[in-house]
Amino acid sequence: MKLTQKLAYSQLKINRNRSVWTLAGIVLSAAMITAVFGFAASGAATVTELMGGNDFYTNMYNQTLYVMAAVFVSIIIAASVIVVSNAFRVSAGERVAQFGMLKSAGATQKQIAGIIMYEALYLCAIGIPLGIALGLLVNFAGVEIVNYLLAGLNSLNPGSPLILSFVFAWQAIMLSVITAFFTVLLSAWLPARKAAKIAAIDAIRGAGEVKIKAKQARANRLVHKIFGFEGALASKSLKRSKRNFRATVVSLTVSITLLITVGSFGAQMRTMTDTFYPDIDATVAMQFITSVLTNHGSDGITREFATIDSEQGSSITERLRGFGDTPVYGAGLEYSSYAAIIPREMMSPKMLDINGDLFDDEFQLAIAFAVADAASYAELCEIAGVPIGSNILVNRYTHYQQGGREVFAPYIFGNQTLRITGRHDDTAFDLPLHGELVITEIPGEINFASRGEVIVIVPEFDVTEYFWFATPSDKDGFIEYAFELLEGIAYGGNEALANTSVADIEAQIEAMRGVPRLIMVFVYGFVGMLTLIGLTNVISTIAANVRSRAREFAVLRSVGMTSEGLSRMLNLESVLCSMKSLVIGVPLGVAGSYLVYIGTVSPAQTVYTLPWFPMLQCMLGVFIITWVTMRYAASRLRGGNIVETIRSES
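Residues numbered from 1 in each chain as written. Predicted model: local features only at pLDDT ≥ 70, side-chain atom pairs only at ≥ 80, totals over all residues. Heavy atoms only, no water.

A. Main features of the environment of F623. With respect to the helices and strands, the residue F623 is situated in helix α19 (residues 612-635). Classification of F623 as partly exposed rests on a relative accessible area of 31%. The sequence separation of F623 and C577 amounts to 46 residues, and the corresponding C-alpha distance is 8.9 Å. Excluding anything up to four places from it in sequence, F623 contacts V575, S578, M579 and L582. (Helix = DSSP H or I, 4+ residues; strand = E, 2+ residues; numbered from the N terminus. Buried < 20%, exposed > 50% of the residue type's maximum accessible area, 1.4 Å probe, protein only. Contact = heavy atoms within 4.5 Å.)

B. Region of interest: the environment of P349. With respect to the helices and strands, the residue P349 is situated in helix α11 (residues 349-355). On the basis of relative accessible area, P349 is assigned to the exposed category, the value being 64%. C-alpha of P349 to C-alpha of A409: the two residues are 60 residues apart in sequence and 9.4 Å apart in space.

C. Up close: the pairing of strand β5 (residues 328-343). When you tally the buried positions in β5, you get 14 out of 16 residues, the bulk of the element. Here β5 pairs with strand β14 (residues 465-470) via 6 bridges, running antiparallel. Of the residues in β14, the one forming a bridge with V328 is A470. Here β5 runs beside strand β6 (residues 362-372); their pairing, made up of 10 bridges, is antiparallel. Bridging across to β6, P343 finds its partner in E362. (Pairing = 2+ DSSP bridges.)

D. Quick peek at unusual backbone geometry. Positive phi, normally seen in glycine, also occurs at D325, with a value near 55°. For D325, the location among the structural elements is in the loop between α10 (310-321) and β5. Using a relative accessible area of 69% as the deciding quantity, one classes D325 as exposed. Positive phi, normally seen in glycine, also occurs at N415, with a value near 55°. Relative to the helices and strands, N415 resides in the loop between β9 (404-408) and β10 (417-422).

E. Inspection of the environment of A247 at higher detail. With respect to the element layout, A247 can be found in helix α9 (residues 242-276). Judged by relative accessible area, which is 13%, A247 ranks as buried. Distance in space between the C-alpha atoms of A247 and I82 is 8.1 Å, their sequence separation being 165 residues. If near-sequence neighbours (up to four positions away) are discounted, A247 is found in contact with N86 and N537.

Have a look at this one:
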């Protein structure tokens, strides 16, 4: 074994704590890279199976997966290089004097750099296989979680279920090994090259890593005034070890930014999910819907269909409530039969921006009428602040575009009167508006049944669709009762065209919410792993910094500083380091959360709120991590002999 290899091996054994944390960073990096490539391979296999022999769509979807994998791996590599490189830089900085003595004894720059590179190779030999194994485990667990979350959605479409398969692709494993190996070697090469270039005399003096200017040695007056002598020492220490704490601050700042952004994104996703898939307590949904028969005769086009009027809908609701005093909400809607003539001055700026070039003075917009059972309608009038018998505008419109859909308020409400025309006949009438509700104010039952048109809730109307939502204590018995009840009712128009159904909606809504949950699992998992990589850097850097200052602490104790004063100084260092990270990270996290809001959920017309809970979590977490790490590292130095520690060169 070469001398450089022996020195590298001995350093790993001597500095076991630092070696363990560096190894943890390598393992996590390799695991993330393996998991990303593994998910890409699993997704590609699933797409190939679903597309069958369609090579065009198979290649298109697989290319998208590979591009996404490349983006994620690039982020992982960038984070890993910062973290692992800092660990090797701190390690090299602690051994500057040792490198100087080796150089004075004839060691070349190549040999000095070789010591650090061999350390990286030893850690790779252990860390990469462990990381690959952990990555495969994460990949397998992720596939199982995906299939679990998709189970509800697949139950709605049992004919073509979407099932992700775990694929052990040797190509993905080899790519993970090469990528992880390259990442670690690059991380080690940067500090190794710098350490090799330090002159022997400067290295022996220990001047290669720490260079202090007179201005940097001054303590902040405000800190000195507030925290006293210990605060001044803590401030000076942070300035003197600026490079070490800079890496800590960067890692903490990135973690804070990511966690606040993702935490806010999760809350916004839940809000958006509740908007598009409302929170309905009901477990059973019943529906009346008509088929439409269109006849082309000599007298023109005629349409046959069945209807249900408001009074009949309320009557059925009361009969359903009679089953063991079951809570039931009834709501009916009439779609696609009417349009409203909207004057230009009534249109909101967003509506004008989208449809302004399609009309001059007025615009014809599809409109839906909604009714509710008597008790529920009275509650809606109370929410809108209007008397019973009023027409209430639900000021919501859904615009579909290439990038998805967005929901916004199309009208500037002012108690207007709308001109309503029939879309299939010559019907025309005026409809005064007495009140307004936004999408978040209407009950989930009406929102669940709606399809995106502008809705006006009216006291009476003949509708072609009616829904009842119930929460029975005896679900099976109620379903049988409701089915017999709806089948025995005569509906208006051609009763042969009336269709009724009874369904368990609990499973349906839960299935629809599985997709947002699936997205959040991946997002939280990815950010969580990146945060863990960053924390290995934080803990390793703080612990190494405290250990390297053993002589400094001994000198302070020799001139009269008590253990309490020393503890106070370290506590203040952790507080100042945490505050600097929070001052930078929290605004960045808030900005990130707002950008996510604009890009993803603002079209749903939800109100942006500051992510207070993620911010509080990050604040407490950062202070706890830095304080505990600082205190633990300092506790390892207690009990040493002051004189021997001062005499010590390391």
